[in-house]
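Coordinates in review
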Amino acid sequence: MFLNILIHMKKIKLLFAALLPTSFLLLVSFKIPDTKLLEAVPINPVNLTIYWIDTEGGAATLIVTPAGESILIDAGNPGGRDSDRIFEVAHHVAGLKQIDHLVITHWHNDHFGGAALLAAKMPVIEVIERPVADSLLLDKNFASLMQAYRVMPVKRRSMLRPGATISLKTLPRGFQKLSIQMVGHDKQFVPVTKTSTATNGCETVKDKLVDNSDNANSQVMVMNYGPFRFFDGGDLTWNIEKNLVCPQNIIGTVDVYQVNHHGLDQSNNSLLIKALAPTVSIMGNGTQKGGGPETITSLRNTPSIQAQYQLHKNIRADSAFNTSEEYIANLKADCDGNYVKLTVAADGKKYTVSIPATKHERVFETKESHITSITSYVPGLSQVLKP
Ligand SMILES: [Zn+2]
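Note that the coordinates shown come from a computational prediction; the quantities given were computed from them, not determined experimentally. (Residues numbered from 1 in each chain as written. Predicted model: local features only at pLDDT ≥ 70, side-chain atom pairs only at ≥ 80, totals over all residues.)

Before going further, it helps to spend a moment on the overall build of the protein chain. When helices and strands are counted, the protein chain shows 8 helices and 20 strands. Relative to its full complement of 387 residues, the protein chain shows a buried share of 46%. (Helix = DSSP H or I, 4+ residues; strand = E, 2+ residues; numbered from the N terminus. Buried ≥ 20, exposed ≤ 12 C-beta atoms within 10 Å, placed from the backbone.)

Have a look at this one:
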């Protein structure tokens, strides 16, 4: 009898021993969905960050969301220098493995020229682009650059209608709602809405010569992150800029204004700058390009502006037209390609602008309230183009 009990207990032990690995496996397999969920968001999400990468008079504005998603607006010049600098900031500074959305504001070399070389260095998932302007096909360099751009490997080529937003991942808990909205392109913009306000003095500022270049067709974007707003208008020029705010302001006000067209005086209509009423301006100029006297004067005369940043010091004869050196990322022509960085607090109420290379850092408060006419517009759909 006793022996029987012993044998029985041994059998039970053996049964447990046999079941143990199975139950462990069950536990492990049960855990897998959790692990996958964790992988969907970064373990330590960082605050929303914008980098203005130095392309010496071109443009490359990199937005990294707290979900680890990236939006690059323009890709600098051809030739390798700018794509290397973008890769350096995107991969080594921001820790990105890919560019999720690449927006090309217009078809000039200093904006789309670096795209194909960048796509060879790191995956580009989606490009958001406009139809190609026929007139540019007359430019010999344009044809070969466009060929490289056309064949670069991307998963999706899209065009956003005015009012449509870039499709972005939901941010982790504790962060603000984020949207990046297309105000318009090819001189077609979102309509006036109920909350649009009239701009004073529209009749007092004269138009400039009609701009038949592709600059006037630039894609214009507005980013909303909780209460924080950022404007990027590519190389939009004077008369079309006026259409954004006259007679009614279809954008509203912003916190940060990326100075249009590298600060050239063909752009930066004082009506636009005053109506957007930014707190901070950031200019992607070069030593010899942009930062025009009229633009610098308009920025200085805009009461809302507390700080004007420049990627480069203007070293031309008219070097009186510079911001103070503390706010310039690169002071010499033989530069290190220093970038300007902006991080927005998780609640969106404060943001820090810094130049890591010079250790400059300044904190700004987001405006207490914005006029946000564009957000009340019901957007059209985005359109997926043929690859
Ligand atoms: Zn440009």
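What follows continues from the structure just given.
With that settled, the discussion passes to the pairing of strand E7 (residues 178–185). Counting buried positions along E7 gives 7 out of 8 residues, so the element sits mostly inside the fold. Strand direction decides the pairing type here: E7 and strand E10 (residues 220–225), joined by 6 bridges, are antiparallel. In the strand pairing of E10, Leu 178 is matched with Tyr 225. As judged from the 2 bridges shared by E7 and strand E8 (residues 188–189), these two strands associate in the antiparallel manner. The residue of E8 that forms the bridge with Gly 184 is Phe 189. Taking the residues that link successive antiparallel strands as the turn, the E7-E8 hairpin has 2 residues, and the phi of Asp 186 there is positive, at about 50°. (Pairing = 2+ DSSP bridges.)

Residues Cys 246 and Pro 247 are joined by a peptide bond in cis, for which omega reads -5°. Mapping Pro 247 onto the fold places it in the loop between helix H6 (238–245) and strand E12 (248–249). For Lys 359, which is not glycine, the phi torsion reads 65° and is therefore positive. Secondary-structure assignment places Lys 359 in the loop between strand E18 (350–355) and strand E19 (360–365). The exposure class assigned to Lys 359 is exposed, which follows from the 7 C-beta atoms found within 10 Å.

On to the sheet that holds strand E14 (residues 280–283). Across a sheet, paired strands are connected by hydrogen bonds in the backbone, their directions being either parallel or antiparallel. Sheet architecture is open: 8 strands sit in the order E8-E7-E10-E11-E13-E14-E15-E16, paired in mixed fashion. Two strands close off the open sheet at either side, each with one partner strand: E8 and strand E16 (328–330). Bridge count between strand E15 (residues 307–312) and E16: 2 bridges; the pairing is parallel. Bridged to His 312 within E16 is Asn 330.

Since the α-helix turns once every 3.6 residues, residues separated by three or four places project in the same direction. Within H6, 6 of the 8 residues are buried, which leaves it mostly tucked inside the rest of the structure. Among the residues of H6, those classed as buried are Trp 238, Ile 240, Glu 241, Lys 242, Leu 244 and Val 245.

This paragraph deals with the environment of Thr 49. Mapped onto the fold, Thr 49 is located in strand E1 (residues 49–52). Once the C-alpha coordinates of Thr 49 and Val 64 are considered, the two residues, 15 residues apart in sequence, prove to be 5.3 Å apart. Beyond its immediate stretch of four places on either side in the chain, Thr 49 contacts Val 64, Ala 94, Lys 341, Leu 342 and Thr 343. (Contact = placed C-beta atoms within 7 Å.)

Attention shifts here to the pairing of E15. Across the 6 residues that make up E15, a large majority, 5, are buried. In terms of strand pairing, E14 meets E15 through 4 bridges, oriented parallel. Bridge pairing in E15 places Ser 281 opposite Gln 308. In this fold, E14 hands off to helix H8 (residues 293–300), which returns the chain to E15; that crossover is right-handed. (Right-handed = clockwise from strand over helix to strand, strands pointing away.)

For the rest of this paragraph, the subject is the environment of Ile 73. Among the structural elements, Ile 73 can be located in strand E3 (residues 70–73). For the pair formed by Ile 73 and Met 221, sequence separation is 148 residues and the distance between their alpha carbons is 9.2 Å. If we ignore the near neighbours within four places in the chain, the residues touching Ile 73 are Thr 61, Val 103, Thr 105, Met 221 and Asp 232.

Between the first and last C-alpha of helix H2 (residues 81–93) there are 17 Å, a value that for 13 residues agrees with the 18 Å anticipated at 1.5 Å per step. Among the residues of H2, Asp 82, Ser 83, Arg 85, Ile 86, Val 89 and Ala 90 are the ones counted as buried. In a view along the axis of H2, the buried residues occupy a sector of 165°, so they form one face of it. Where H2 is buried, its residues meet E1, strand E2 (61–64), E3, strand E4 (99–103) and helix H4 (115–121). (Expected span 1.5 Å × (residues − 1). Arc of directions from axis to C-beta.)

With respect to the helices and strands, Ser 158 occurs in strand E6 (residues 154–159). Overall, Ser 158 belongs to the partly exposed group, with 18 C-beta atoms counted inside 10 Å. Along the primary structure Ser 158 and Glu 129 are separated by 29 residues, whereas in three dimensions their C-alpha atoms are 6.3 Å apart.

By themselves, these observations are geometric and do not establish any function.
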